[in-house]
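Spelled out, the chains give:
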Amino acid sequence: MPPAGGAAPTDASALARRVPPPTYADDSGNAYVFNAVNALREKLGSGLLTQNPKLDRAALAHHQYMGNNPFVNMHAETAGKPGFTGIDATTRGHAAGYGAAYIEEVIYGSNGADKVAGCAPSWANSIYHVGLFFSGMRDVGIAALATRTEPGLGRYTVCVVNFSLDPSQVEQLPEDGTIRVYPYPEQTKVPTVFYNHTEEPSPLPEYFELGPPVTLSFKTKSFAAAGARPAIVVDHLSIATANGEPVGAKILASPVGGTFSTRGPALQDDERIAPFTLTIVPVARMKPNTVYTVAFAGIVNGNALSKTWTFSTGQR
């Protein structure tokens, strides 16, 4: 009950369940990607992102830079080249007037028929870029449109998404004890393969292709406290078919922000994956039209937690 004459206290870290409608044209690539990203975040139990015009300007400036210069490093710009606004996403955001200390950027390019429709699914079916969907950030800016004609490739479409947290905001995170996962429970038509060399940088480069990565995010409200060093002990993490056939896989653990240790499966540190996440990656493509079960058990900040769920692959 709020104090007499006062308003009920608000939870600054609460998940955003509603955000203002974006100002993008309804039939634009920007609107499509905005809606696709927020729809998937909602399914994962993450808060929604709000359109920010300054991040829009930063994303568009980098999109235009890529249209004027060869694709060497999709995320970097070189001073002196046409359209240069900053060496990385954070400095480009500052140039556009956005004051956050750090801005994350994801990019997807395609000359295929899917065009902007492939952006969100591509980031989700990845090891490093899936962090967009678990992030506690609140603001987003998008530039998703055709960029130029590439010899031998035709018209190329690129999606640039910048997302961040204004200094006046705090991260939006679920309650302690929550484990968010992708693929999400009962998800269907999950791709059977992840072409890891199409992700930049390339994870597990010793493999030409992998099965779809499965990511578990343990980040909750207490993990964002100043000085917090959450400890997670993994007792079990596996993928198997419905009849119990195990799937060979590597398990990547983030060493950033907290600690992962194991009393069971082998873990491989990878500082590029999102903080407080584990990613179990099948070392071969999965079977089509097949139900898979993922099982986790462990200790998170002294509390025993477990999660078991299923998803099914598509035709290929």
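Up top you'll find the structure we're talking about.
Bear in mind that the values here come from a model prediction, so they are computed numbers and not experimental data. (Residues numbered from 1 in each chain as written. Predicted model: local features only at pLDDT ≥ 70, side-chain atom pairs only at ≥ 80, totals over all residues. Heavy atoms only, no water.)

A.B. asks: Describe helix α1 (residues 29-44), with residues and values.
C.D. replies: The terminal C-alpha atoms of α1 lie 23 Å apart, and with 16 residues this matches the ideal 22 Å at 1.5 Å per residue to within 8%. Three or more residues of α1 are buried, namely G29, N30, A31, V33, F34, V37, N38, L40, R41 and L44. Once α1 finishes, G45 follows within two positions and takes phi at roughly 90°, a positive value. (Helix = DSSP H or I, 4+ residues; strand = E, 2+ residues; numbered from the N terminus. Expected span 1.5 Å × (residues − 1). Buried < 20%, exposed > 50% of the residue type's maximum accessible area, 1.4 Å probe, protein only.)

A.B. asks: Can you break down the side chain of D139 residue by residue, with the values?
C.D. replies: Relative to the helices and strands, D139 is located in strand β3 (residues 139-150). Buried charged residue D139 carries no salt bridge. Nearest counter-charge: R138, at 7.4 Å. Looking at D139, its side chain comes within polar contact range of the side chain of Y98, at 2.8 Å. If near-sequence neighbours (up to four positions away) are discounted, D139 is found in contact with L49, T50, N52, L55, Y98, N162, F163, S164, D166 and Q169. (Lys, Arg positive; Asp, Glu negative; His and termini not counted. Salt bridge = Lys/Arg side-chain N within 4 Å of Asp/Glu carboxyl O. Polar contact = N/O pair within 3.5 Å; in protein donor to acceptor, adjacent residues only side chain to side chain. Contact = heavy atoms within 4.5 Å.)

A.B. asks: Explain unusual backbone geometry to me, and be specific about the residues and the numbers.
C.D. replies: Here the amide bond leading from Y182 into P183 is cis, since omega sits at -5°, within 30 degrees of zero. Note on placement: P183 falls in the loop between β5 (180-182) and β6 (214-217). Each neighbour pair has its own omega, and for E200 with P201 the value is 0°, a cis peptide bond. With respect to the helices, strands and loops of the structure, P201 is situated in the loop between β5 and β6. Here the phi dihedral of E186 falls at roughly 70°; this positive angle occurs in a residue that is not glycine. Despite not being glycine, N289 shows a phi value in the positive range, around 50°. Mapped onto the elements of the fold, N289 is located in the loop between β11 (277-282) and β12 (291-300).

A.B. asks: Any details on the packing of aromatic side chains? Residues and values, ideally.
C.D. replies: Applying the stated criterion across every chain, the model contains 5 aromatic pairs. On the basis of an interplanar angle of 65° and a centroid distance of 6.1 Å, the ring pair of Y24 and F34 is categorised as edge-to-face. Of this pair, Y24 sits in the segment before α1 while F34 sits in helix α1, placing them 10 residues apart in sequence. What makes F34 buried here is its relative accessible area of 5%. (Phe/Tyr/Trp six-rings, centres within 6.5 Å; stacked < 30°, edge-to-face > 60°.)

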